[in-house]
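# Descriptive structure summary
So the chains spell out like this:
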Amino acid sequence: MSDKKSAIGVFDSGLGGLTAIKQLKKILPNEHFIYFGDTGRVPYGTRSFETVLQYADDDMRFLMDFNIKAAVVACGTVSAIALPKLKEKFPLPIIGAINPASCTAAQVSKTKNIAVFATQATINRKAFDEELKKLDGGISVYPVACPMFVPLIEAGYIDKNCAVTRLIAAEYLEQIKDKNIDTLILGCTHYPIIKELIGDVATEVLGREIEIIDSGLEAARATKEILIKLGLQNNCEDEGSVRYFVSDETQNFKTTASIFLGEPAENVTKVSIG
């Protein structure tokens, strides 16, 4: 049986979930985390509905072997497609990336015009659209698929002044230029790496500043709330830890992970999955 000192499981299709780990470590510094990045089967955003369901099930089964007390699905695609099935199947709190970000966006938006940047699979699933409409039927949602962001981020094109990434961001923002949006949800956990760049380009393209919602940060905040509510927060004063597991070669993960974490990723192990 899990208890307060048990770890929290976090999984993603690859590296994006590390932005959630970074926020979780800040918000819950005494907790232990098990992170699984399915780097051998990334990306999930271009996979079929059935494949994403299977991969999500594989990932959760792997984390359950560590007797975790809660799980964070730090992947917009899995949150959009597989979260209800995971909650039905696994008897523990499971926090996705869509509801927390949607709740915050609905609270802060004054125009009720909210844009969503996400993978094609998440956009196709209309998960953010449905969640935001449930929260407030008066909200208008403007989804934009952003297929170029993930490869650019993983290749290191993340500097605020990077011309190519700014050009792509401008192209995506042009699609919502006339929608009077005041809030933008970053619906993929890769995207917060370039949050400052997106905000800067948004001011140029839209002619005003907008609220930008980091789905990883909101998932971390929701995780803390749930742990407190269920009496599962680790209250010891010892510093927490993170163990990293990946399904492909570890060195590339370590190198790129430092971009997401802002520090080296230690304790990385390659495992077989599925």
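Here is a short report on the structure shown in this document. Predicted model, so just to flag it, every value in this text is computed and none were measured.

What the rule picks out here adds up to 12 aromatic pairs. A centroid spacing of 5.2 Å and a plane angle of 50° characterise the contact between Y44 and Y55, whose relative ring orientation is tilted. One end of the pair, Y44, is in the loop between β2 (32–37) and α2 (49–64); the other, Y55, is in helix α2, and 11 residues separate them in sequence. Judged by relative accessible area, which is 1%, Y44 ranks as buried.

Attention now goes to the pairing of strand β7 (residues 183–186). Side chains T183 and I185 project from β7 onto one buried face, and the interleaved L184 and L186 project onto a second face that is buried too. Inspection of the sheet shows strand β5 (residues 113–118) paired to β7 by four bridges, in the parallel sense. Following the sheet pairing, I114 is matched in β7 by T183. Direction of pairing for β7 relative to strand β8 (residues 211–214): parallel, over a ladder of four bridges. The residue of β8 that forms the bridge with I185 is I213. Where the polypeptide runs from β7 across helix α10 (residues 195–206) and back to β8, its parallel neighbour, the crossover connection is right-handed.

A few words now on the side chain of T104. Relative to the helices and strands, T104 is located in helix α5 (residues 99–108). Discounting chain neighbours no more than four positions away, the residues touching T104 are I213 and E218.

Further remarks concern the nonpolar core. For soluble globular proteins, nonpolar side chains are generally found buried alongside one another. Membership of the largest hydrophobic core comes to 55 residues, with the highest contact counts inside it found for L18, F117, F149, Y244 and F253. Sorting elements by how many residues they give to this core places α10 first, with six residues. Contact partners of F253, with chain neighbours within four places excluded, come to L15, L18, Y35, T39, Y244, V246, A265 and V268. Counting 42 residues, the second-largest nonpolar core is a separate cluster that includes Y44, I81, I114 and L132.

Here we come to the sheet that holds β5. Pairing within the open sheet is parallel, and its four strands lie in the order β6-β5-β7-β8. Edge positions in the sheet fall to β6 (140–145) and β8, since each of these pairs with one other strand and no more. If you compare each strand with its neighbour and ignore which way they point, the axes differ by 20° on average. Its contacts with the sheet put helix α7 (residues 127–135) on β5, β6 and β7, and the angle it makes with β6 is roughly 165°.

Time to look at the layout of surface pockets. By volume, the largest pocket is sized at about 540 Å³. Along the wall of the largest pocket there are 23 residues; nearest its centre are L83, I98, N99, P100 and E131. Sorting the residues of the lining of the largest pocket by element identifies α3 (76–81), α4 (83–89), β4 (94–95), α5, α7 and α11 (215–230) as the ones contributing at least two each. Element by element, the count of residues in the lining of the largest pocket is highest for α11, at five residues. Roughly 310 Å³ of internal volume is contained in the second largest pocket. P43, G45, T46, T119 and V150 are, among the 21 residues lining the second largest pocket, the residues nearest its centre. Sorting the residues of the lining of the second largest pocket by element identifies α3 and α8 (149–154) as the ones contributing at least two each.

What counts and how
As a convention, each chain's residues are numbered from 1 in the sequence order in which they are written. Selection of residues for local features in this predicted model requires a pLDDT of at least 70, selection of side-chain atom pairs for listing and counting requires 80 or more, and totals for whole chains, interfaces and linings are taken over all residues. Derived side-chain values reflect all non-hydrogen atoms in the structure, with water molecules and hydrogen atoms excluded from consideration. Note on aromatic pairs: the rings of Phe, Tyr and Trp (six-membered ring only in Trp) are paired at centre separations within 6.5 Å, and the planes decide the class, stacked below 30 degrees, edge-to-face beyond 60, tilted for the rest. The secondary structure listing takes helices from DSSP runs of H or I that are at least 4 residues long and strands from runs of E that are at least 2 residues long, numbered from the N terminus. Working definition: with a 1.4 Å probe on protein chains only, accessible area under 20% of the residue-type maximum means buried, over 50% means exposed, and in between means partly exposed. One requirement defines pairing of two strands: DSSP has to find at least two bridges between them. Handedness of a crossover is defined as follows: with both strands directed away from the viewer, a clockwise route from the first strand across the helix to the second makes it right-handed. Contacts were defined at the residue level, with two residues in contact if any of their heavy atoms lie within 4.5 Å. We define the nonpolar core as a collection of buried residues of types Ala, Val, Leu, Ile, Met, Phe, Trp, Tyr and Cys that are connected through side-chain atoms lying within 4.5 Å of one another. Fitted lines through C-alpha atoms give the axes, limited to the stretch in contact for helices. The angle between two N-to-C directions lies from 0 to 180 degrees. A cavity here means a set of points on a 1 Å grid, drawn over the protein atoms and nothing else, where a 1.4 Å probe fits but cannot get out; a pocket is an open set with protein on both sides within 12 Å along at least five of seven lines, and a residue lines either one if it has an atom within 4 Å of a point. Grid points are joined across faces, edges and corners, and a volume is the space filled by probe spheres set on the points.

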